[in-house]
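Residues per chain are reported as follows:
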Amino acid sequence: MLNVLIVDDEAPIRQWLEYCVKQLDGFWVCGTARNGLQGIEEYKKNLPDIVITDIEMPNLSGLDMLKTIRDIKPTYVIVLTSYDIFAYAREALVVGASEYILKTEISVESLRTALNKAAGVLYKQSRDAKSEVEQSGQMMLRQLAMVGTQLSLTPDILRRKGITLVENLLFCGSIWSNNSQELSRIRQEIIRYPEVYNLSFVTIGYEELLMVCNLYREEALQDLIGILNKKLQKTDSIIGFSDIKPTVKQLPNALKEARSRSHLSFYDPQQRIFFQGGDDRNLAGRFETWRI
């Protein structure tokens, strides 16, 4: 549902516009105002997705109102006016209007078209913004896994990068397979497991899939390992799981543990999952002996 603010000094036009918007699916009138000053107050209060405004109004014009609200939060603006003057249209576009419509040409259908166009633009902007955040989060997880960080991580820092984790039990996984379909299948198995939440995945190269998530209870990790072990018996896929950590500050260590444990498959090719309490401790000791 997209919120619409209507600003016009003529009460019949405000009421007609409000009536029309309410007839359209996906739109809701969150406020009305009779001049630019009231429009600014309503805008601050409701932060609408779309503004429909007149230009010539007492106290403060629609153009002056747009100059103010664009600094508060950019929005999609449909400008209505009685004046078919290019200078008005040009100035409206300069101060942030997205569309310019003559009042003499406005109808229910033209309003529907304008609002649907606005919805399409806003959806694309939202999708693009989400994509940028997701890419930023994936880049951060790769960096944490491969380099680490000097930052003291908090849920808020991670959230700004598109990664949702809370200060509760968390763990990481490093999933390896040279079969992309197998990676996808393991990912879906983990997503379906109800004891994990706030899941994030990121690929490193073509063969490794990293995961981070919160966990409702410690015992749930053993249950997940049991489920995955049955699924991996006839595959070449390998998973390394970190220890369970109590705070997001330990996320870099958890990622490194998961990746390190997945590499232990070199010393025990028969084992599919490496985790705390498994044979990985003995393997690590044997590795130190072999290296000597």
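See the structure printed just above.
Calculation notes
- Per-chain numbering applies: the sequence of each chain, read as written, is numbered from 1 onward.
- Local features in a predicted model are, by the rule used here, given only for residues with pLDDT of at least 70; side-chain atom pairs are given and counted only at 80 or more, and totals for whole chains, interfaces and linings are based on all residues.
- Here the side-chain values reflect all heavy atoms present in the structure, with hydrogen atoms and water set aside.
- Salt bridge criterion: a side-chain nitrogen from Lys or Arg within 4 Å of a carboxyl oxygen from Asp or Glu.
- The way it works is that DSSP assigns letters per residue, a run of H or I at least four long becomes a helix, a run of E at least two long becomes a strand, and they are numbered from the N terminus.
- Partly exposed describes any residue whose relative accessible area lies between the buried limit of under 20% and the exposed limit of over 50%, with all areas from a 1.4 Å probe on protein chains only and scaled to the type maximum.
- Ring geometry is summarised as follows: Phe, Tyr and Trp rings, the Trp one being its six-membered ring, pair when their centres sit within 6.5 Å, and such pairs are stacked at plane angles under 30 degrees, edge-to-face over 60 and tilted between the two.
- Ring-over charges, as used throughout, are those where CZ of Arg or NZ of Lys falls within 6 Å of the ring centre and within 35 degrees of the ring normal.
- The nonpolar core is taken to be a set of buried Ala, Val, Leu, Ile, Met, Phe, Trp, Tyr and Cys residues, with the residues joined through side-chain atoms within 4.5 Å.
- Residue contacts follow a heavy-atom distance rule, with two residues in contact if any of their heavy atoms lie within 4.5 Å.
- Here, any two strands with at least 2 DSSP bridges between them count as paired.
- Each axis is a line fitted through C-alpha atoms, and for a helix only the stretch in contact is used; angles between axes span 0 to 180 degrees, taken between their N-to-C directions.
- For classification, angles of less than 35 degrees are called roughly parallel, those exceeding 145 degrees roughly antiparallel, those between 65 and 115 degrees roughly perpendicular, and all remaining angles oblique.
- Two helices that cross are described as forming a left-handed crossing if the nearer one is turned anticlockwise from the farther one by less than a right angle, and a right-handed crossing if clockwise.
- Basically, the charged four are Asp, Glu, Lys and Arg, the nonpolar ten are Ala, Val, Leu, Ile, Met, Phe, Trp, Tyr, Cys and Pro, and anything else, Gly included, counts as polar.

A. Looking closely at the pattern of salt bridges. What the rule picks out here adds up to 15 salt bridges. The partner of Lys67 in a salt bridge is Asp64, and the shortest N-O contact between them spans 3.6 Å. In this pair, Lys67 and Asp64 both sit in helix 3 (residues 62–72), three residues apart, roughly one turn of the helix. With relative accessibility at 33%, the residue Lys67 sits in the partly exposed group. Between Arg261 and Asp243 there is a salt bridge, with its nearest N and O atoms 2.7 Å apart. Taken as a pair, Arg261 in helix 9 (residues 251–262) and Asp243 in the loop between strand 9 (238–241) and helix 9 lie far apart in primary sequence, 18 residues in all. The pair formed by Arg261 and Asp243 is uniform in burial state, with each residue classed as buried. Among the charged side chains, a network of salt bridges with common partners joins Glu195, Arg217, Glu219 and Asp223.

B. A look at the packing of aromatic side chains. Counted by the stated rule, this structure contains three aromatic pairs. Between Phe171 and Phe241, the ring centres sit 5.5 Å apart and the planes meet at 75 degrees, which makes this aromatic pair edge-to-face. Of the two residues, Phe171 sits in strand 6 (residues 170–176) while Phe241 sits in strand 9, which places them 70 residues apart along the sequence. Of the two residues examined, Phe171 and Phe241, each falls in the buried class. Over the ring of Trp28 we find Lys22, and its NZ or CZ is 5.8 Å from the ring centre.

C. Local environment of the nonpolar core. If you look at the biggest cluster of nonpolar residues, it comprises 23 residues, and the most contacted ones within it are Phe171, Ile175, Met211, Leu228, Ile239, Phe241 and Ile273. In terms of residues, this core owes the most to one element, helix 8 (residues 219–232), which gives six residues. Residues within four places of Met211 in sequence aside, it is in contact with Phe171, Cys172, Gly173, Ile175, Ile190, Leu199, Ser200, Phe201 and Phe241. One finds Leu2, Ile78, Ile101 and Leu122 within the second-largest nonpolar core, a separate group that totals 21 residues.

D. Representation of the side chain of Ser237. Note that Ser237 resides in the loop between helix 8 and strand 9. Ser237 sits in the buried class, given a relative accessible area of 0%. Those residues in contact with Ser237 that sit more than four places away from it in its chain are Trp176, Ser177, Glu182, Ile186, Leu232 and Arg272.

E. Examining the pairing of strand 8 (residues 208–215) more closely. Across the eight residues of strand 8, eight count as buried, placing the element largely inside the fold. Across the two faces of strand 8 the burial is the same, with Glu208, Leu210, Val212 and Asn214 and Leu209, Met211, Cys213 and Leu215 all buried. Both strand 6 and strand 8 contribute to a ladder of seven bridges, which runs antiparallel. Counted as the bridge partner of Ile175 is Leu209 from strand 8. Across seven bridges, the pairing between strand 7 (residues 196–204) and strand 8 is antiparallel. Bridge pairing in strand 8 links Ser200 to Val212.

F. Quick look at unusual backbone geometry. A positive phi angle, close to 45 degrees, is found at Leu47, a residue other than glycine. Within the secondary structure, Leu47 sits in the loop between helix 2 (36–46) and strand 3 (50–54). Classification of Leu47 by relative accessible area gives partly exposed; the value is 39%.

G. How the structure looks around the packing of helix 2 against helix 3. The N-to-C vectors of helix 2 and helix 3 enclose an angle of 15 degrees; their axes lie 9 Å apart at closest approach. On the basis of their axis angle, the class for helix 2 and helix 3 is roughly parallel. For the element pair helix 2 and helix 3, the recorded crossing hand is right-handed. Packed against helix 2, whose contacting residues are Gly36, Gly39, Ile40, Tyr43 and Lys44, the element helix 3 presents Met65, Thr68, Ile69 and Ile72 at the interface. Residue composition of the contact of helix 2 with helix 3, grouped by class: five nonpolar, three polar and one charged.

H. Just the sheet that holds strand 1 (residues 2–7), in detail. As summarised here, the arrangement of the five strands in space is 2-1-3-4-5, forming an open sheet in which the pairing is parallel. In this open sheet, the two edge strands, each paired with only one partner strand, are strand 2 (27–33) and strand 5 (99–102). Strand-to-strand twist across the sheet, computed as the mean angle between neighbouring axes with direction ignored, equals 20 degrees. Strand direction decides the pairing type here: strand 4 (residues 76–81) and strand 5, joined by four bridges, are parallel. Opposite Leu80, over in strand 5, you have Ile101 as the bridge partner. Running over the sheet, helix 2 touches strand 1, strand 2 and strand 3 and is turned about 135 degrees from strand 2. Each of strand 1, strand 3 and strand 4 touches helix 3; the most contacted strand, strand 3, lies at about 155 degrees to it.

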